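Chain and residue survey
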Amino acid sequence: MNATTAMEVNAEARRILAVSISKLYASRTQRGGLRLHRSLLLSMVMRSARDIYHSSREIEGQSDAQPTSEPMETSSDQTVPEPQPELQPAVNAAEPPSEESDSEDEGCDSDIAEDKENMSPTKQSRKRRGKAAAAPDFLPSKRARLEPGEERYAAQLGSCRAGAAESLTALSLNLNRVIPAF
Amino acid sequence: MAGAGGGNSDVQWCFSQVKGAIDDDVAEADIISTVEFNHSGELLATGDKGGRVVIFQQEPESKNQPQCRGEYNVYSTFQSHEPEFDYLKSLEIEEKINKIRWLPQKNAAQFLLSTNDKTIKLWKISERDKRPEGYNLKEEDGRYRDLNTVTTLRVPVFKPMDLMVEASPRRVFSNAHTYHINSISVNSDCETYLSADDLRINLWNLEINDRSFNIVDIKPANMEELTEVITAAEFHPNQCNTFVYSSSKGTIRLCDMRASALCDKHAKQFEEPEDPNNRSFFSEIISSISDVKFSHSGRYMMTRDYLSVKIWDLNMESRPVETYQVHEYLRSKLCSLYENDCIFDKFECCWNGNDSVVMTGSYNNFFRMFDRGYRQDVTLEASRENSKPRSVLKPRKVSTGGKRKKDEISVDSLDFNKKILHTAWHPLDNIIAVATTNNLYIFQEKLN
């Protein structure tokens with residue numbers, strides 16, 4: 001896979017991830033409660049998308065996107081991201097309008113803030129189950145999203161999170177936790 | 001060829017009836033969620049999202065029209081399930097009827113099991129066409145007579161009355177499922193039945209509603225390790241110790257209840273290795289089995305996944321003996337189908353009476369039949385446009401290549417909101433019931 005194809009795959013993977021997350025969020029408000037089968041399938045798609053995203057990132061050769069760096073914090077901490085201009089538009093384009101995102105016409109900061117809203121429910125669902133997340137190492141509400149571009153900025157902004165560095169790798173844990181324990 | 005059905009390549013299907021509102025605006029409660037013929041085919045039951053069950057009865061064949069099998073008319077309608085609220089989990093429990101299964105008839109009354117996500121109910125449907133008249137102490141309208149006016153005694157007699165069909169809940173089987181019930185299946189012993197949810201299968205006695213036995217439990221100790229769920233389960237049609245359950249990973253496990261009380265260890269596992277060329281983001285979703293049905297003979301079983309129907313010989317676990325592509329042209333559209341949620345649609349499938357033909361639904365109100373013997377398949381459409389009585393259904397075709405022939409439909413013009421998830425085949429005759437979103441179509445074989 002050459003770098004261009006890898007980038008397309010990368011964008012596709014991100015889009016699928018975003019769509020999946022918004023579906024997960026929507027399913028929580030569905031009548032009849034969370035459907036285990038559907039949640040499982042969604043998390044599998046997210047995992048595939050994340051894996052493919054990772055492998056396409058490596059192929060793109062953007063090796064300074066440390067996979068273990070922390071994603072963005074809350075919007076209040078956020079500043080406009082530094083260059084990776086080819087990524088940023090792809091990132092914003094990849095975010096589909098979700099039920100919470102009404103900020104298509106606002107700046108990218110607000111976009112990102114709105115999309116953080118979309119991210120949070122998966123973490124909220126984890127919190128609600130009260131599992132190992134009893135002492136969560138992530139913020140309970142405004143959860144950073146998994147945008148790749150932001151990974152390299154987290155170090156600059158400083159984390160207000162006490163715990164371990166989160167990353168798309170760590171998202172694998174999160175994906176598992178998407179399935180609530182009844 | 002014009003049609004496929006009954007092992008005869010010349011079968012043609014005609015429109016017979018359509019039930020339900022003509023409105024394009026579909027009320028959510030009217031969405032049909034299950035369709036099932038009884039064992040004789042005389043009765044046809046449907047369940048809907050509003051928790052109602054409607055039973056149709058076939059009229060006896062009229063002597064005037066021996067060419068036409070009897071029509072189905074409403075026999076009984078009742079509210080089976082109501083919406084409930086689980087206060088502990090703050091969850092609403094939908095009243096949607098997930099499955100209906102008829103019990104074999106033993107006496108004058110008919111019995112069926114209906115289930116929503118959490119509760120199974122046994123309903124007795126009985127007819128009353130006589131009532132007693134001529135009581136000594138009561139007037140006909142129920143008022144008590146003045147005893148002084150009673151001078152003679154008479155024996156009350158039964159007089160005919162207008163037929164009344166009563167449905168009464170005889171048993172309620174509740175509080176046995178933590179997850180959402182997807183299947184119920186009556187055992188051939190006619191004494192027990194199973195109910196399956198995402199992670200567990202329970203065995204019930206039809207007479208005992210306060211106790212059930214758990215026979216399969218695939219819940220992992222740590223829910224984070226969950227990799228598959230149960231999607232459907234069914235008892236073998238004549239071996240009362242055997243049942244199968246399908247999973248979201250595309251495997252089917254056959255279990256023998258004689259082996260142990262808890263059948264976590266399967267007796268057979270049916271799985272086809274995945275074709276690596278077809279791997280995509282959505283491979284797992286499309287390999288999830290949405291329905292499993294034994295053939296009437298019990299020798300084969302059929303599974304439905306998103307794109308295909310597979311027939312398995314119970315004696316061979318390594319791969320299916322037959323695979324039929326239902327709508328392979330959707331394989332390149334999986335991403336869009338994921339976005340519009342269609343990829344999660346759970347299609348059912350069914351056998352005809354002598355196991356020679358199988359049928360399943362698709363989109364655009366199309367449904368497909370596959371004749372196993374003649375190796376033919378046909379696509380037909382359930383629509384009001386083809387609803388002139390006894391009009392023959394014309395086979396439809398979806399054009400997959402660049403050039404669209406006349407009368408073909410391109411993939412992009414398919415209406416994905418019009419899906420046929422539930423179909424049923426009369427156990428003895430070539431009569432089929434096909435449910436669109438809120439209408440029930442009945443088609444019959446053209447008889448000369």
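Before reading further, recall that the structure is shown in the block above.
Residues numbered from 1 in each chain as written. Chains lettered and ligands numbered in written order. Predicted model: local features only at pLDDT ≥ 70, side-chain atom pairs only at ≥ 80, totals over all residues. Heavy atoms only, no water.

Another aspect to go through is the overall build of chain B. Looking only at helices and strands, chain B features two helices and 32 strands. The C-alpha atoms of chain B give a radius of gyration of 24 Å, which matches the 22 Å a tight globule of 448 residues would have. In terms of its C-alpha atoms, chain B occupies a principal-axis envelope of roughly 90 × 60 × 40 Å. Expressed as a percentage of its 448 residues, the buried residues of chain B come to 52%. (Helix = DSSP H or I, 4+ residues; strand = E, 2+ residues; numbered from the N terminus. Rg over C-alpha atoms; globule rule 2.2 N^0.38 Å. Buried < 20%, exposed > 50% of the residue type's maximum accessible area, 1.4 Å probe, protein only.)

Here we come to the pairing of strand β2 (residues 32-37) of chain B. Residues and elements named next belong to chain B. Within β2, six of the six residues are buried, which leaves the element mostly enclosed by the surrounding structure. Across five bridges, the pairing between β2 and strand β3 (residues 43-48) is antiparallel. Its bridge partner lying in β3, E36 is registered against A45. Between β2 and β3, which pair antiparallel one after the other, the connecting turn spans five residues, and G41 there sits at a positive phi close to 85°. (Pairing = 2+ DSSP bridges.)

All names here are of chain B. Side chains of L137, Y144 and L147 sit close together on the surface and give an oily, nonpolar patch of about 380 Å² of accessible area. Mapped onto the secondary structure, Y144 falls in the loop between β10 (120-133) and β11 (157-173). Classification of Y144 by relative accessible area gives exposed; the value is 66%. (Patch = residues over 30% accessible without salt bridge, like charges linked within 9 Å, V, L, I, M, F, W, Y side chains within 5 Å. Areas by Shrake-Rupley, 256 points an atom, 1.4 Å probe, with all protein chains shown as cover. Salt bridge = Lys/Arg side-chain N within 4 Å of Asp/Glu carboxyl O.)

Taken together, the 34 residues of chain B in the interface contact 30 residues of chain A. Summed over both partners, the interface of chain B with chain A buries about 2900 Å², with 61% contributed by carbon and sulfur atoms. Across the contact surface, chain B and chain A share seven salt bridges. Residue R15 of chain A is joined to E339 of chain B by a salt bridge in which the shortest nitrogen-to-oxygen separation is 2.4 Å. Counting across the interface, chain B meets chain A through 14 residue pairs in polar contact (both at pLDDT 80 or more). When contributions to the side of chain B that touches chain A are tallied by element, the ones reaching two or more residues are β7 (91-93), α1 (283-287) and α2 (334-339) of chain B. Per element, the largest residue contribution to the side of chain B that touches chain A is three residues, and it comes from α2 of chain B. Split into classes, the residues belonging to the side of chain B that touches chain A amount to 13 nonpolar, eight polar and 13 charged. (Contact = heavy atoms within 4.5 Å. Buried area = accessible area lost by both parts, 1.4 Å probe. Polar contact = N/O pair within 3.5 Å; in protein donor to acceptor, adjacent residues only side chain to side chain. Nonpolar A, V, L, I, M, F, W, Y, C, P; charged D, E, K, R; others polar.)

Residues and elements named next belong to chain B. Under the defined criterion, the tally for this structure stands at 21 aromatic pairs over all chains. Aromatic pair Y338 and F344: ring centres 5.9 Å apart, planes at 45°, arrangement tilted. A relative accessible area of 1% places Y338 in the buried class. Following the ring pairs from residue to residue traces out a cluster consisting of F15, F367, Y441 and F443. (Phe/Tyr/Trp six-rings, centres within 6.5 Å; stacked < 30°, edge-to-face > 60°.)

All names here are of chain B. An order of β16-β17-β18-β19 is seen for the four strands of this open sheet, with the pairing classed as antiparallel. Since the sheet does not close on itself, it has two edges, and those belong to β16 (230-235) and β19 (268-270), each with one partner. Taking each pair of neighbouring strands and ignoring which way they run, the sheet shows an average axis angle of 20°. (Axes fitted to C-alpha atoms, helices over the stretch in contact; angles between N-to-C directions.)

F282, Y306, L330, Y338 and I343 of chain B are the most contacted members of the largest nonpolar core, which totals 36 residues. Contributing elements (two or more residues each) for this core: α1 (3-28) and α2 (36-60) of chain A together with α1 and α2 of chain B. In this structure, L330 of chain B is in contact with Y306, L307, L337, Y363, V411 and F416 of chain B, ignoring residues within four places of it in sequence. Grouped together as the second largest cluster of nonpolar side chains are 18 residues, F15, F367, I420 and W425 of chain B included. (Core = buried A, V, L, I, M, F, W, Y, C linked by side-chain atoms within 4.5 Å.)

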